[in-house]
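# Observations on chain architecture
Listed below are the residues making up each chain.
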Amino acid sequence: MERNQQLRRQLAAMRQSLFDQGYLDEQFIQLEELQDDANPNFVEEVVTLYYRDSARLLSSIEQALEKSNTLDFNKLDTYMHQFKGSSSSIGAKKLKAECTQIREYCKAGNGDGCVKTFQQLKRDYATLKKKLESYFQVARQAGPKEIASRSK
């Protein structure tokens, strides 16, 4: 029992840290509210699908950026719009903000800005993935329980 409470406290601290560091927003909480006894791993499944599908999109964005001498800003903007939507759906706040920034650079025709911000986006994408993997690992150890809402 004590071990389970310890895991729950660790889980709550990890979750709060993701919000405090600006990685997640309220959309993540809304996803958690959809999770129930019938589907106890719903959020993890959604996040896993996000990372699987977004990897292909990131690859397309990277290929588009490699053609920096003939950068197609409209195509890049379309990719970033898709990536921003996907990131928004799981509550990936930092990634969403970086997508918005890259889209602004696309509108301004600023290839260097696009490339630099995309490098930061990739770092944050990888960091969030690691943090969420750890979070879900602890959540699985802690077992199912009602979802506590984020402290204000």
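What counts as what
- Residues numbered from 1 in each chain as written.
- Predicted model: local features only at pLDDT ≥ 70, side-chain atom pairs only at ≥ 80, totals over all residues.
- Heavy atoms only, no water.
- Helix = DSSP H or I, 4+ residues; strand = E, 2+ residues; numbered from the N terminus.
- Expected span 1.5 Å × (residues − 1).
- Buried < 20%, exposed > 50% of the residue type's maximum accessible area, 1.4 Å probe, protein only.
- Arc of directions from axis to C-beta.
- Polar contact = N/O pair within 3.5 Å; in protein donor to acceptor, adjacent residues only side chain to side chain.
- Axes fitted to C-alpha atoms, helices over the stretch in contact; angles between N-to-C directions.
- Parallel < 35°, antiparallel > 145°, perpendicular 65-115°, else oblique.
- Left-handed = near helix turned anticlockwise from the far one by under 90°.
- Contact = heavy atoms within 4.5 Å.
- Core = buried A, V, L, I, M, F, W, Y, C linked by side-chain atoms within 4.5 Å.

An unreviewed UniProt entry lists the protein chain under the name Histidine phosphotransfer protein, with Melia azedarach given as the organism.

## Structural notes on helix 4 (residues 73-90)
Its 18 residues give helix 4 an end-to-end C-alpha distance of 26 Å, which sits within 8% of 26 Å, the value for a rise of 1.5 Å per residue. Buried within helix 4 are the following residues: Leu76, Asp77, Tyr79, Met80, Phe83, Ser87 and Ile90. When helix 4 is viewed along its axis, its buried side chains cluster within an angular range of 160 degrees and face the same direction. Sitting at the head of helix 4, Asp72 places a side-chain oxygen 3.2 Å from the backbone nitrogen of Asn74. Trailing helix 4 by a residue or two, Gly91 shows a phi angle of about 85 degrees, which is positive.

## Some remarks on the packing of helix 4 against helix 5 (residues 93-108)
Between helix 4 and helix 5, the shortest axis-to-axis distance is 9 Å and the interhelical angle comes to 165 degrees. Considered as vectors, helix 4 and helix 5 are oriented roughly antiparallel to each other. Two packed elements cross with a definite hand, and for helix 4 against helix 5 that hand is left-handed. For the pair helix 4 and helix 5, contact is made by Phe73, Leu76, Asp77, Met80, His81, Phe83, Lys84, Ser87 and Ser88 and by Leu95, Lys96, Cys99, Thr100, Ile102, Arg103, Tyr105 and Cys106, respectively.

## A closer look at the nonpolar core
By size, the foremost hydrophobic cluster in this structure holds 39 residues, and its most contacted members are Phe28, Ile61, Leu76, Phe83, Leu121, Leu128 and Leu132. Put simply, the parts of the chain that give this core at least two residues each are helix 1 (2-20), helix 2 (26-34), helix 3 (42-66), helix 4, helix 5 and helix 6 (111-142). Here this core gets 10 residues from one element, more than from any other, and that element is helix 6. Aside from chain neighbours lying at most four places away, what touches Leu132 is Leu18, Leu24, Phe28, Val47 and Tyr51.

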